[in-house]
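Working through the structure, step by step
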Amino acid sequence: MYSLSQKKIWVAGHRGMVGSALVRRLQSEDCTIVTAAREELDLTRQDQVEAFVRAHKPDALILAAAKVGGILANNALPADFLYENLIIEANIFQAAHRYDVNKILFLGSSCIYPKFAQQPIQEDSLLSGSLEPTNEWYAIAKIAGIKLAEAYRRQHGRDYISAMPTNLYGPGDNFDLQSSHVLPALIRKAHQAKLARSDEVTIWGTGTPRREFLHVDDCADALIFLLKNYSDVQHVNVGSGEDIEIIELMRLVCRVTEFHGAITHDLSKPDGTPRKLMSNATLANMGWKPRISLEEGIRSVYEWYLETENSRR
Ligand SMILES: NC(=O)c1ccc[n+]([C@@H]2O[C@H](COP(=O)([O-])OP(=O)(O)OC[C@H]3O[C@@H](n4cnc5c(N)ncnc54)[C@H](OP(=O)(O)O)[C@@H]3O)[C@@H](O)[C@H]2O)c1
Ligand SMILES: C[C@@H]1O[C@H](OP(=O)(O)OP(=O)(O)OC[C@H]2O[C@@H](n3cnc4c(=O)[nH]c(N)nc43)[C@H](O)[C@@H]2O)[C@@H](O)[C@H](O)[C@@H]1O
């Protein structure tokens, strides 16, 4: 058991969707939260990362900073997704070890697993097959992050661990229709179609791929649970244990947003991996489970979207 009491915890990426959920969750712990905005600390710059870690000497850090995006952004910007994520990870692990930060929680993603991995995906299917081409650049960088945690543990005895969250959603998500993940895009599209009194709304691809979703507040809770209770070389899946077809997800979003038109398909856009439901047995066996149902989560995010709509335009 790792106690957070009186500890200094650096949340790297605290302005992002996951980072801000982690800050909310850590506020109920007896710890000091350390943060730095990108303007004062660019994590792609080794000198800046070293100076920051040397100056602040956190007891632990959670790496929730990354170049992140949906299927189209991943496919369109392979160099950015590979380079930025690799260098952020390399800088942070190196500086943490150099200045004696003994605890890191690294965040990967369910896209690290082979495109046709057996479902539900067990942690040990990593590197057992080919990756999904639309996100292999990001996946390779995330696999490197897992291996950095493993390597520093093996070579230097560091307590560095990795968690693989499934597709996340929640307040603070990116609603840009080109670069976002599917759920914020569908909420925005359905809402805009309702306002425009349109007869239809368009989803990308066939609608047959299945995805697993977890509310970011459940994810943050699971991550703090792991930080406190887990110390091993094996990365841990963080998911809800349930998945849904994209077309069904759109129907659910239409119900929540009260858009009653038809759903059409843009087949020029990729489907990506057909299914990536992760096994959540490792976390469940440790006693953690999610609390927010998908419908409840979508309703609360839609409320958040409406409240913040004006500030986003
Ligand atoms: N969203 C998902 O569905 C999902 C699923 C699985 C895993 N994850 C993982 O969760 C983590 C966080 O994702 P997220 O959804 O919260 O993404 P996000 O909302 O885009 O947040 C990423 C954060 O990283 C910061 N950042 C990126 N590059 C930086 C740099 N060079 N220097 C300083 N800060 C930098 C961003 O800063 P700015 O605020 O300045 O842009 C932002 O605060 C990532 O590791 C991701 O792989 C996310
Ligand atoms: C969690 C992240 O998942 C990402 O994969 P992935 O689930 O396919 O990424 P998403 O962009 O969430 O797309 C999931 C599925 O939803 C479909 N989809 C339907 N309509 C839309 C839409 O309007 N916008 C978007 N974005 N999708 C849409 C999309 O074609 C794909 O089959 C990876 O690229 C990342 O690397 C990361 O792992």
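This one's a predicted model, so the numbers in the text were calculated from it and none came from an experiment.

On to the site of ligand 2, then. Around ligand 2, a shell composed of 23 residues is seen, among which I71, K189, R211, P270 and D271 lie nearest. Between an oxygen atom of ligand 2 and a side-chain N or O atom of N167, the distance comes to 2.9 Å. With the chains in place, 98% of the 700 Å² that ligand 2 exposes on its own is no longer accessible. For the shell around ligand 2, the elements supplying multiple residues, two or more each, are α3 (71–76), α6 (182–195) and β7 (200–204). No other element matches the 4 residues that α6 contributes to the shell around ligand 2. Of the residues that constitute the shell around ligand 2, the class distribution is 11 nonpolar, 8 polar and 4 charged.

Let us look at the UniProt feature "active site" (unreviewed entry) in the chain. Mapped onto the present numbering, the UniProt feature "active site" (unreviewed entry) falls at Y138. Tracing the chain through its elements places Y138 in helix α5 (residues 136–156). Not counting residues up to four positions away in its chain, the partners in contact with Y138 are K67, V68, N74, F81, N85, S109 and C111.

Here strand β5 (residues 159–165) lies mainly inside the structure; 7 of its 7 residues are buried. On β5, burial covers both faces: D159, I161, A163 and P165 on one face and Y160, S162 and M164 on the other are all buried. Pairing between strand β4 (residues 103–107) and β5: 5 bridges, direction parallel. Bridge pairing links K103 to D159 in β5. What joins β4 to β5 is α5, and the crossover it makes is right-handed.

What follows covers α5. Taking 1.5 Å as the rise per residue, α5 with 21 residues should run 30 Å; its terminal C-alpha atoms sit 29 Å apart, in good agreement. For α5, the set of buried residues is Y138, A139, A141, K142, I143, G145, I146, A149, E150, Y152 and R153. Among the structural elements, α3, α4 (78–98), β4 and β5 are those in contact with the buried residues of α5. One or two steps after α5, the chain reaches G157, where phi turns positive at roughly 70°.

Right, let's get into unusual backbone geometry. With omega at -10°, the peptide bond leading from Q119 into P120 counts as cis. Positive phi, close to 65°, is recorded for Q6, a residue that is not glycine. Tracing the backbone shows Q6 in the segment before β1 (8–12). Under the relative-accessibility criterion, Q6 is labelled exposed at 66%. Backbone geometry places E258, a non-glycine residue, at a positive phi of 60°. The topology assignment puts E258 in the loop between α8 (246–257) and β11 (262–266).

Parameters and conventions
- Residues numbered from 1 in each chain as written.
- Chains lettered and ligands numbered in written order.
- Predicted model: local features only at pLDDT ≥ 70, side-chain atom pairs only at ≥ 80, totals over all residues.
- Heavy atoms only, no water.
- Near = heavy atom within 4 Å.
- Polar contact = N/O pair within 3.5 Å; in protein donor to acceptor, adjacent residues only side chain to side chain.
- Areas by Shrake-Rupley, 256 points an atom, 1.4 Å probe, with all protein chains shown as cover.
- Helix = DSSP H or I, 4+ residues; strand = E, 2+ residues; numbered from the N terminus.
- Nonpolar A, V, L, I, M, F, W, Y, C, P; charged D, E, K, R; others polar.
- UniProt positions renumbered as here; feature names shortened; annotations may be inferred.
- Contact = heavy atoms within 4.5 Å.
- Buried < 20%, exposed > 50% of the residue type's maximum accessible area, 1.4 Å probe, protein only.
- Pairing = 2+ DSSP bridges.
- Right-handed = clockwise from strand over helix to strand, strands pointing away.
- Expected span 1.5 Å × (residues − 1).

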